[in-house]
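Structural overview for review
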Amino acid sequence: MAIVLLGAVSAVGSKITLVLLKPLMGLLFQEDQEDLGNSILDHYVRDTLDPWLQQLDWFGWGPQVSSAVALMLAMIAVGAVFSVTHYFFLLISRMLGVRMITDLRQDLAEHVMSLDMRYHSGRSMGDLLSRITNDVGTSLRVLSILVEELIQDPFHIIALLVVAYAAAPTATIGMLVFLPLLAWPVIKLGPKVRTRSKLSQESLGDTTHSLMQILSGIRVVKSFRAEAREAARYRKANDEFLHQTKRMVRAQALTLGISSFLSQGGLGLIFGLMVLVSALFTPLFQSASSMMVFLVAIGTLFAHVKRVTKAISIVYSSSGAAVRVFDILDMQGGVPDSPQALSCAPLTDSIEFDQVVFDYGVGEGPAINGVSFTVKRGERIAFVGASGSGKSTLLDLVARFYDPTQGVVRIDGHNLRDLAKNDWLDQLAVVQQSPFLFQTTLRENIRYGRPDASDQEVLLAAKRANLDSFLAELPQGLETPVGDDGARLSGGQAQRVTIARALLKDAEVLLLDEATSALDSESEKNVQSALEELMRGRTVFCIAHRLSTIRSADRILVFDRGKIVEDGSHDALVKLGGVYANLWALQAGS
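Notes on the structure in this doc start here. Numbers given to residues run from 1 along each chain, matching the order in which its sequence is written. Given that this is a predicted model, residues contribute local features only at a pLDDT of at least 70 and side-chain atom pairs are listed and counted only at 80 or more, while totals for whole chains, interfaces and linings are drawn from all residues. Hydrogen atoms and water are omitted, and side-chain values are computed over all heavy atoms in the structure.

**Thoughts on the side chain of Arg 196**
- Within the secondary structure, Arg 196 sits in helix α9 (residues 179–216).
- Despite being buried, Arg 196 has no salt bridge partner; Glu 240 is the closest side chain of opposite charge, sitting 12 Å away.
- A polar contact is formed between the side chain of Arg 196 and the backbone oxygen of Arg 247, at a distance of 3.0 Å.
- Should any heavy atoms of two residues lie within 4.5 Å, those residues are considered in contact. Ignoring sequence-local partners within four residues, the contact set of Arg 196 consists of Gln 244, Arg 247, Met 248 and Ala 251. Strands here mean DSSP runs of E at least two residues long; helices mean DSSP runs of H or I at least four residues long; both are numbered from the N terminus. Each residue is placed in one exposure class: buried if its accessible area under a 1.4 Å probe, protein chains only, is under 20% of its type's maximum, exposed if it is over 50%, and partly exposed if it falls in between. For this count, His and the chain ends are skipped, Lys and Arg are scored as positive, and Asp and Glu as negative. Criterion for a salt bridge: a side-chain nitrogen of Lys or Arg within 4 Å of a carboxyl oxygen of Asp or Glu. We call two N or O atoms a polar contact when they sit within 3.5 Å, provided that within protein one can donate a hydrogen and the other can accept it, with sequence-adjacent residues counted only if both atoms are side-chain atoms.

Here it is in structure tokens:
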């Protein structure tokens, strides 16, 4: 409300100079105040302002010169005062727009992180980044225009209409008939600009995604000598963006072109009609000074009307970006806690899957279908099966990244849905197949598992993960930057850093998703030794393709098409002679 008031004061107050222009022009044209007309401005000058000016006689200059100097000084003073007001209005309005966009970007990032894995597994990273950066930046233009021009310019227009009416009421009323025509192009073509703007922003997201794929897979691109092919694919995405943007710009240019024609041609039409009315019927202006004030007011008015129509056109052209941003904000958040969610105490007994079914809802049927099993606290359980058999989905259900479509997951007899999700996640640690490291130091990557850990605790976790000999070779030790996504480390070293992170968290339940499958034999040996240290005394869920790494598991569950087809220890399953025995024979033979 304060910024609206400041904008109104700045806009309306600056028009006082037009009121002072009337007596100044009267002095220029040497008008007799008694011969002025009956407009509001004429009455004000004749009855109030002129008597005071006639009393002035500064330095013996006489009333005429003194009045001219007084009016000039008054106009300069008014301009200075309301320029300061305008400065504060611009400062506050623009910073308000920046703050709003900063908050919007923060809210968007937080909301994206709150969305469940169903969203993240299906989204395009490039499109998402385009929304958070490009679309939010484009939305800043909209907010700046809304806060600045669309607040202040209407007050300018109203104030100028009042001044014009005060100077020449009949001419102003005649001109008002024409003003609605200036809004017609924006009303008619604005929705088309908005639709094409959304398509343009979507194609921009596609170009961002295409570029991200090229840069992320640059080794693959170069090894297959596919630079020209990828450049052609990126050019195709850019051409589509160019095409969609051209359609938007064409509609926007048509809007502004028609508005410009109506404002410029219309101005000539209005003044021509004024001349005809004055010549054929009755004079519209009683004095040259009134006409000057009217012309200046109307000329300025049309400039502000053009600014408003242009601003509205820009709002339409940028609204597609805002729609894309709010499409994400309108998405429902992640897996919600029950309103009566219970705090989750440390695991004491078991984790139970009871007739669990889970369907991703993409038309491919259930990924998990009627699975039941129980894992006792401290037990190590391994999942084996072909790709797509449901192993990773089970880990996601343990972590409650998803809720089951049917059935129940129980923690110490409590439905996992009825427990506070964050409390449960505090008891979990995850080590993935592809280790992810942040672009910071080794110390901060390990400390990510427990931000309040001391340096000594971080160092101890690194040693327990078999990183001590590696650290001894680094001049900066734990302060060594790991590079983008751990690019300065080998696969085994990066995986041991993630193990140290899990060790530092000291969680009760451990989820291992093929933690050694991508490593060579030497690296696997080092990582497996670190994993044995990590698994000691914990409840472990492990996915593995290399069966030699899970021989010591208490139980092995063999999956096929979302169902458990075998359950037992390594020795028992080999003796059974089923699916697991065949897999073991194949790997042992190789």
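This is not the end of the story, as more comes after the structure.
**Let's talk about helix α16 (residues 455–464)**
- Along α16, the residues that are buried comprise Val 458, Ala 461 and Ala 462. Seen from one end, α16 has its buried residues packed into an arc of 100°, which puts them on one side.
- Against the buried residues of α16 lie α15 (442–447), α17 (468–472) and α18 (491–505). The reported arc concerns the directions from the helix axis to the C-beta atoms and nothing else.

**Overview of the packing of aromatic side chains**
- Only Phe, Tyr and Trp rings take part, Trp by its six-membered ring, and two of them pair if their centres are within 6.5 Å. Stacked means planes under 30 degrees apart, edge-to-face means over 60, and tilted covers everything else. Applying the stated criterion across every chain yields a total of ten aromatic pairs.
- Here Phe 373 and Phe 383 contribute two aromatic rings whose centre-to-centre distance is 6.0 Å and whose plane-to-plane angle is 70°, an arrangement assigned as edge-to-face. A residue pair is termed long-range when its members are at least 10 positions apart, and Phe 373 in strand β2 (residues 368–376) and Phe 383 in strand β3 (residues 380–385) qualify at ten residues. Accessibility assignment for this pair places Phe 373 and Phe 383 in one class, buried.
- With a centroid separation of 6.1 Å and 55° between ring planes, the pair formed by Phe 383 and Phe 541 is classed as tilted. With Phe 383 in strand β3 and Phe 541 in strand β8 (residues 539–543), this pair connects stretches of sequence that are 158 residues apart.

**Notes on the sheet that holds strand β6 (residues 428–431)**
- For two strands to be treated as a pair, DSSP must find at least two bridges joining them. If you trace the six strands from one edge of the open sheet to the other, you get β6-β7-β8-β3-β9-β10, paired in mixed fashion. The open sheet is flanked by β6 and β10 (563–568), the only strands paired with a single partner. Pairs of neighbouring strands in the sheet enclose a mean axial angle of 20°, with direction left out of account.
- Note that strand β7 (residues 509–513) and β8 share five bridges and pair parallel. In this analysis an axis means a line fitted to C-alpha atoms, helices contributing only their contacting stretch, and an angle means the value between N-to-C directions, from 0 to 180 degrees.

**Focus on the nonpolar core**
- Grouping buried Ala, Val, Leu, Ile, Met, Phe, Trp, Tyr and Cys residues that are joined through side-chain atoms within 4.5 Å yields what is termed a nonpolar core. The biggest cluster of nonpolar side chains holds 45 residues, and the ones touching the most others in it are Ile 446, Leu 467, Ile 499, Leu 512, Leu 534 and Ile 556.
- In terms of residues, this core owes the most to one element, α18, which gives seven residues.
- The contacts of Leu 467, once residues within four sequence positions are left out, are Ile 446, Ala 462, Gln 493, Arg 496, Val 497 and Ala 500.

**Regarding the side chain of Asp 513**
- Tracing the chain through its elements places Asp 513 in strand β7.
- As a buried residue without a salt bridge, Asp 513 has its nearest oppositely charged side chain in Lys 391, at a separation of 7.5 Å.
- Setting aside residues up to four positions removed in sequence, Asp 513 forms contacts with Ser 392, Leu 395, Val 431, Gln 432, Gln 433 and Ile 543.

**Overview of the pairing of β10**
- As judged from the five bridges shared by strand β9 (residues 555–560) and β10, these two strands associate in the antiparallel manner. Counterpart to Asp 560 in the pairing with β10 is Lys 563.
- In this antiparallel pair of consecutive strands, β9 and β10, the connection spans two residues, and Arg 561 shows a positive phi of 55°.

**As for the pattern of salt bridges**
- Here the structure, examined in full by the defined rule, presents 21 salt bridges.
- With a shortest N-O distance of 2.6 Å, Arg 536 and Glu 533 are connected by a salt bridge.
- Through salt bridges with shared partners, a single network forms among Arg 443, Glu 444, Arg 447, Asp 455 and Glu 479.

**Overview of unusual backbone geometry**
- Backbone geometry places Asp 506, a non-glycine residue, at a positive phi of 55°.
- Following the sequence through the fold, Asp 506 ends up in the loop between α18 and β7.

**Points about the packing of helix α2 (residues 16–28) against helix α4 (residues 63–114)**
- Where α2 contacts α4, the axes come no closer than 10 Å and their chain directions differ by 165°. Of the possible angle classes, the one that applies to α2 and α4 is roughly antiparallel. As α2 packs across α4, the resulting crossing turns out to be left-handed. Contact residues: α2 offers Ile 16, Thr 17, Leu 20, Leu 21, Pro 23, Leu 24 and Leu 27, while α4 offers Gln 64, Ser 67, Ala 68, Leu 71, Ala 74, Met 75, Val 78, Gly 79 and Phe 82.
- Residue polarity follows a fixed list, in which Ala, Val, Leu, Ile, Met, Phe, Trp, Tyr, Cys and Pro are nonpolar, Asp, Glu, Lys and Arg are charged, and the others, Gly among them, are polar. Residue composition of the contact of α2 with α4, grouped by class: twelve nonpolar, four polar and no charged. Angles below 35 degrees are treated as roughly parallel, those above 145 as roughly antiparallel, those between 65 and 115 as roughly perpendicular, and all remaining angles as oblique. Here a crossing is called left-handed whenever its near helix is offset anticlockwise from the far helix by less than a right angle, and right-handed whenever the offset is clockwise.

**Quick notes on the sheet that holds strand β4 (residues 406–411)**
- Judged by pairing direction, the sheet is antiparallel, and its four strands sit side by side in the order β2-β1-β4-β5 without closing on themselves. The two strands at the open ends of the sheet, each matched to only one other strand, are β2 and β5 (414–415).
- Across two bridges, the pairing between β4 and β5 is antiparallel. Paired with Ile 411 across the bridge in β5 is His 414.
- Packing against the sheet, helix α13 (residues 391–398) makes contact with β1 (350–358) and β2, and its axis sits at approximately 120° to β1.

**Re the environment of Leu 262**
- Positionally, Leu 262 belongs in helix α11 (residues 227–280).
- Sequence separation between Leu 262 and Leu 179 is 83 residues; the distance between their C-alpha atoms is 9.3 Å.

**Brief notes about the environment of His 156**
- Looking at the element boundaries, His 156 is found in helix α7 (residues 149–167).
- Among the residues examined, His 156 registers a relative accessible area of 9% and is labelled buried.
- Residues His 156 and Thr 300 lie 144 residues apart in sequence; the distance between their C-alpha atoms is 8.9 Å.
- Setting aside anything within four residues of it in sequence, one finds His 156 in contact with Ala 11, Ser 14, Lys 15 and His 304.

Just geometry here; none of it tells us what the structure is for.
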